[in-house]
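# Chain and residue survey
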Amino acid sequence: MAARGHVQDPNDRRLRPIYDYLDNGNNKMAIQQADKLLKKHKDLHCAKVLKAIGLQRTGKQDEAFTLAQEVATLEPTDDNSLQALTILYREMHRPELVTKLYEAAVKKVPLSEEYHSHLFMAYARVGEYKKMQQAGMALYKIVPKNPYYFWSVMSLVMQAISAQDEKLAQTMFLPLAERMVEKMVKEEKIEAEAEVQLYFMILERLGKCVEALEVIRGPLGEKLTSELQSRENKCMMLYQRLQRWPECNALAHKLLLKNPDDWQFYPSYFDSLFHLMDQSWSPPEEGDHCSEGAVHHTVAEVVRFVEERIKGEDGKESRSLRGPYLARLELMHRLRERGCPEESLLGEPLELMVQFFGKFGDKPCCITDLKIYLHLLSPEQHVQFINRLSEAVPLGEQGEEGFAFPDDTKALQRHLCVCQLSRALGLHHSLDVDGKLRLIAELKAHYRHGLKFGKNALKTELQFSDMYCLMAAHVYIDLWTETGDENMVWQSLGLLQEGLSHSPSNAQFKLLLLLLYCHLGAFDMYSTTP
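Because the structure is predicted, anything quoted here is derived from the model rather than measured.

### Focus on the overall build of the protein chain
Broken down by element type, the protein chain carries 26 helices and zero strands. In terms of overall size, the protein chain is more extended than a compact globule, its C-alpha atoms giving a radius of gyration of 34 Å where 530 residues would be expected to give roughly 24 Å. Each of the three principal axes of the protein chain carries a C-alpha extent, and together these read 90 × 75 × 45 Å. Per-residue burial for the protein chain yields a buried fraction of 47% across its 530 residues. Sequence-distant contacts, at least 24 apart, represent 60% of the contacts inside the protein chain between residues at least 6 apart. Taken as a whole, the protein chain presents about 27,100 Å² of accessible surface, with 51% of it coming from carbon and sulfur.

Written out as structure tokens, the structure reads:
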């Protein structure tokens, strides 16, 4: 409230102390100062409103409202009073009163751009979309600026979105909004990206995908610059809706050439391939395959494209990108789903996943990357797979407990990934009771050893080895479920509490603790878990 412009009249100087008191939270002094000022200047409406704000903030809502209405009935047009009343009504949670305030001001000062824009915003706060549309057009007639015109267009779109009758939206509001924008397009008055975005939104809601595509690919589409690849993303979405699979395939191919790590285009690339295969599509004998360029319509072409991206990554001196390697696994998964013999062209799944782990095993995302493709392995390969991964984990010499530990966080992350993949493959579950107890001892030893890497971590940060603790707790729960031995669940609770003492912000520890306490009926502990 204090950040006001230069002094325009003497009243601003008189009101300044009251503003300062209100800004500093000294509401009683603000009321006293307002009373002093009103004794000398009874017609200073803003002082009354500022007093009302002070009363509102001291809990005297009825007095504040009465005082505010005395001023509001006079229909003030001075900026100070209007702004103060707006603040007061906002604090009273009565935004509808602001609309009445500026309706009166606009009637008295019909050519004020400021008051018209305030009126529009007041309608927006209460969701009066029809009145927003009218206010936007009235403002545009006074000051013919594009934003005001498109305020009115957006108000029509909001009426369509909020309309209970979908037919009314499709036959009246959206077509009218479309015609209003088309008028500006024909007159070549489109200036801003937001205006193009709004036009696209209208066409999209009307289901006019062909027209929307023409807009995006035309000169107006060149204004879409605020988001990376905004134009291409919209084109891709429209090609998919229109089932223009050649264009979808060619565009995905081009975008992946630019950025082979952009995962969102690989599914579109593969989907379009299979649609083209289902349609027995073949390229024309002459000219371009489609408006977007060359189309890869055979599995052999797509396999070659993916392999070329991987060769490009293998030949880099800098760190490889994950996208192409994951794309190979995804393509293998899809080919197997369809029973395509070309799956063999990509190689052996076990070898490909071992290669992926070799390159990216020290990244926390490696487990989630590989987990969704574990079904590509046969049950007989599970142990072999884990053994191969274990060979790629650099561990130090065995200690007194008989366990070898990693020397840095990257080696720790690799070992952790192997443990998580073992659990995902069911190898933990298949162990007997003694085997599970040995596994728990190993996981606990790794957890406590790994704490040294997070000695200087903040309370809000997780420890590098937290997942060992969580897995050990889950193996305890497996034993409890399997044997009915309640000692196992108490061991799990103790381990989780230990983990929480080192990582107070670990949500997984907290959630598992809550679950266990509920199972045990220990609701007092449940309610006190942070």
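Now that the structure has been shown, the text picks up again.
### Comments concerning the environment of Glu193
Tracing the backbone shows Glu193 in helix H11 (residues 193-205). What makes Glu193 buried here is its relative accessible area of 16%. Contacts of Glu193, omitting those with residues within four sequence positions, involve Lys223, Leu224, Thr225, Ser226 and Glu227. Within polar-contact distance, the side chain of Glu193 engages the backbone nitrogen of Thr225 at 3.5 Å.

### A short note on the packing of aromatic side chains
Here the structure, examined in full by the defined rule, presents eleven aromatic pairs. Centre to centre, the rings of Phe120 and Trp151 are 4.6 Å apart; their planes meet at 20°, and the pair counts as stacked. Residue Phe120 is located in helix H7 (residues 113-126), and its partner Trp151 is located in helix H9 (residues 146-162); the two are separated by 31 residues in the primary sequence. Note on Phe120: relative accessible area 5%, which makes it buried. A relative accessible area of 22% means that Trp151 is categorised as partly exposed. With 5.0 Å between their ring centres and 70° between their planes, Tyr148 and Trp151 make a pair best called edge-to-face. In this pair, Tyr148 and Trp151 are both assigned in helix H9, three residues apart and thus about one turn of the helix distant. By the ring-pair criterion, three or more aromatic residues cluster together here, those being Trp263, Tyr266, Tyr269, Phe270 and Phe305. Directly above the ring of Phe305 sits Arg309, whose terminal nitrogen or CZ lies 4.5 Å from the centroid.

What counts as what
- Residues numbered from 1 in each chain as written.
- Predicted model: local features only at pLDDT ≥ 70, side-chain atom pairs only at ≥ 80, totals over all residues.
- Heavy atoms only, no water.
- Helix = DSSP H or I, 4+ residues; strand = E, 2+ residues; numbered from the N terminus.
- Rg over C-alpha atoms; globule rule 2.2 N^0.38 Å.
- Buried < 20%, exposed > 50% of the residue type's maximum accessible area, 1.4 Å probe, protein only.
- Contact = heavy atoms within 4.5 Å.
- Areas by Shrake-Rupley, 256 points an atom, 1.4 Å probe, with all protein chains shown as cover.
- Polar contact = N/O pair within 3.5 Å; in protein donor to acceptor, adjacent residues only side chain to side chain.
- Phe/Tyr/Trp six-rings, centres within 6.5 Å; stacked < 30°, edge-to-face > 60°.
- Lys NZ or Arg CZ within 6 Å of the ring centre and 35° of its normal.

As far as function goes, none of this settles anything; it's purely spatial.
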